[in-house]
Amino acid sequence: MKKLRLLFTISFAAIVALFIVVSDGINNRIAAQTEYAGRTLVMVTSADYPPYEFRDTAAGNEIIGFDVDIANYIAQELEFELKIQDTDFSGIIPALQSQRADFAMAGMTPTEERRQNVDFSDIYYEAKNTIVALNGSNLQQPEDLAGKRVGVQLGSTQETAAKEFKGVTIVPLNRTGEIIQEVKSKRIDAAIIEDTIAAGFIANNPDLEFNTIENTGEAGSAIAFSRGSPLVADFNRVLQQMQSSGEIDRLVNKWFGGEPETTATASDSTFSFVRIAPSIPFILRGILVTLQFTALSAILGFIWGTILSLFKISTFKPLVWFATAYTSIFRGTPLLLQIALVYYATPQITGYNIPALLAGVITFTLNSGAYISETIRGGILAVDKGQREAALSLGVPYRPMMLDIILPQAIKNILPALVNESIALLKDSALVSTIGVADLLRRAQIVGAERYIYFEPLIVAGVIYYLMVMSLTWGGYALERRLQRSS
Ligand code: ARG
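Below is a short write-up of the structure. (Residues numbered from 1 in each chain as written. Predicted model: local features only at pLDDT ≥ 70, side-chain atom pairs only at ≥ 80, totals over all residues. Heavy atoms only, no water.)

As for the overall build of the protein
Under the convention used in this document: Secondary structure elements are defined from DSSP: runs of H or I of at least 4 residues count as helices, runs of E of at least 2 residues count as strands, and each element is numbered from the N terminus. Only protein chains enter the area calculation, which uses a 1.4 Å probe; residues under 20% of their type maximum are buried, those over 50% are exposed, and those in between are partly exposed. Throughout, a contact is declared for two residues whenever any of their heavy atoms are within 4.5 Å.
A tally of regular secondary structure across the protein gives 17 helices and 12 strands. Within the protein, buried positions represent 49% of all 487 residues. A sequence separation of at least 24 residues applies to 76% of the contacts in the protein between residues at least 6 apart.

A closer look at the pattern of salt bridges
Two side chains carrying opposite charge are able to pair once their charged atoms lie near each other. Inclusion rule: Every case where a carboxyl oxygen of Asp or Glu lies within 4 Å of a side-chain nitrogen of Lys or Arg is listed as a salt bridge.
Considering all chains together, one arrives at 13 salt bridges under this definition. Here Asp86 makes a salt bridge to Arg442, at a shortest N to O gap of 3.6 Å. Within this pair, whereas Asp86 is found in strand β4 (residues 81-86), its partner Arg442 is found in helix α16 (residues 440-451), the two being separated by 356 residues in sequence. Neither Asp86 nor Arg442 differs from the other in exposure class; each is buried. The shortest N-O distance in the salt bridge between Lys184 and Asp207 comes to 3.3 Å. Of this pair, Lys184 sits in helix α6 (residues 176-184) while Asp207 is found in the loop between α7 (195-204) and β11 (208-212), placing the two residues 23 residues apart along the sequence. With relative accessibility at 26%, the residue Lys184 sits in the partly exposed group. A network of salt bridges, in which partner residues are shared, links Arg55, Asp86, Asp88, Arg175 and Arg442.

Focus on the site of the ligand
Under the convention used in this document: The criterion for a residue being near a molecule or strand is simple. One of its heavy atoms has to lie within 4 Å of it. Polar contact is the term for a pair of N or O atoms within 3.5 Å; when the atoms are in protein, one must be able to donate a hydrogen and the other to accept it, and sequence-neighboring residues count only if both atoms are side-chain atoms. Areas reported here follow the Shrake-Rupley algorithm with a probe of radius 1.4 Å; residue values treat only the protein chains shown as occluding. Any residue that is not Ala, Val, Leu, Ile, Met, Phe, Trp, Tyr, Cys, Pro, Asp, Glu, Lys or Arg is counted as polar, Gly included; the first ten are nonpolar and the last four charged.
Contacts to the ligand come from 15 residues, most closely from Ala106, Gly107, Thr109, Thr157 and Glu194. At 3.0 Å, a backbone N or O of Ser46 approaches a nitrogen atom of the ligand. Measuring from a nitrogen atom of the ligand, one finds a side-chain N or O atom of Glu194 at 2.7 Å. Alone, the ligand offers 350 Å² of accessible surface; in the complex the protein occludes 100% of this. Its residues assigned to classes, the shell around the ligand shows four nonpolar, seven polar and four charged.

Below, the structure written as structure tokens:
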């Protein structure tokens, strides 16, 4: 059948594309830890923390900020190439442990607990914690927070600090922008945020205020390295030199001195899309990433699902057992968990530094294969038994019978279900944003962090997702009608 052949051609193309992604990743090999002069060192950060690190989405997609300037200075002194990788704050230590990055700068405070997992440089900057709350809420000191819900960044020293405050309910969230948004929508009463960060958020959100509190426990930012990294001494040497030459002071002044930048205006209403207008092209470019990802996973998932479904109807029992157990595991655990496992465990187990996009494609293929296999199995069983018997009695062997007679009919019948599965994939693809793939959702979040607002970029992303799903639905209908006609 022509259609099936076409399908396989497309699949083949998809596999070739996948290999390109993989080989790209091989160049990405884990950095050896010595003789870094002239080499590329990877720095991991969480670019949600202006002015330490954030994205300049209107001008390309660069990560800029206080930490980035320091890293660039060190790179110049030690003569290595600097490559910056973005992740959630709680993903930074795992990235160092799995050797995915050589060092981390993220306004990160050296704490006792972290020291058991990573090494730190000397402290290069001290900041103070503040309580951020709605204007007039009069939450000035930790004592005032008793009985309140308080937002903090997951895995941050602010979370540890808040645990010391009596009677507080802690709400840990992933990105700083989310925390601020929760305060604004009154779902939490306050947030604990560093002064340097808080200043920017306050300037951009006139309905908020902040009060500085005394540091309890650890404070200050340092550079983190994987345990036993030979880089520490050299980095410390450069940091010292930057302190004594006044370079650090100059950068502190550049990023923390003066009034924080604001895009807010007095006429701001609840929504102001104007504030994110310059960054919309940046969000739009996420469409390609999302589509590429969805297409690859859908095609590979379909192939894998077909194979699994054939296993399931096979008469060879071990194949049936394998396919059934497989499906049960992949349907029985959350997709988000599977992504995190593939992404973080692969380097640790195999030593291969799997790129985020590839980890996403693999997980989605494995996962949607499990679902699709059930759909296809149902489709095959629904094809009239007589066809099978007729084919067998005419002496058609198993393979051509399956490929040319049974599968094409099965697929035609389950087309709506397959379109459904692709739609689910398209939307679930947003989960790859958690491992740092710059897809549509991730880009919207990045813009939110940079512009200090939250809703507007998400609404833009939501509209785009909806339009994409609609096109997919119509495409599915059209295909269905054509198949119906050609039968
Ligand atoms: N200083 C705090 C800590 O070490 C917060 C740092 C958060 N950094 C970030 N890039 N989001 O836990």
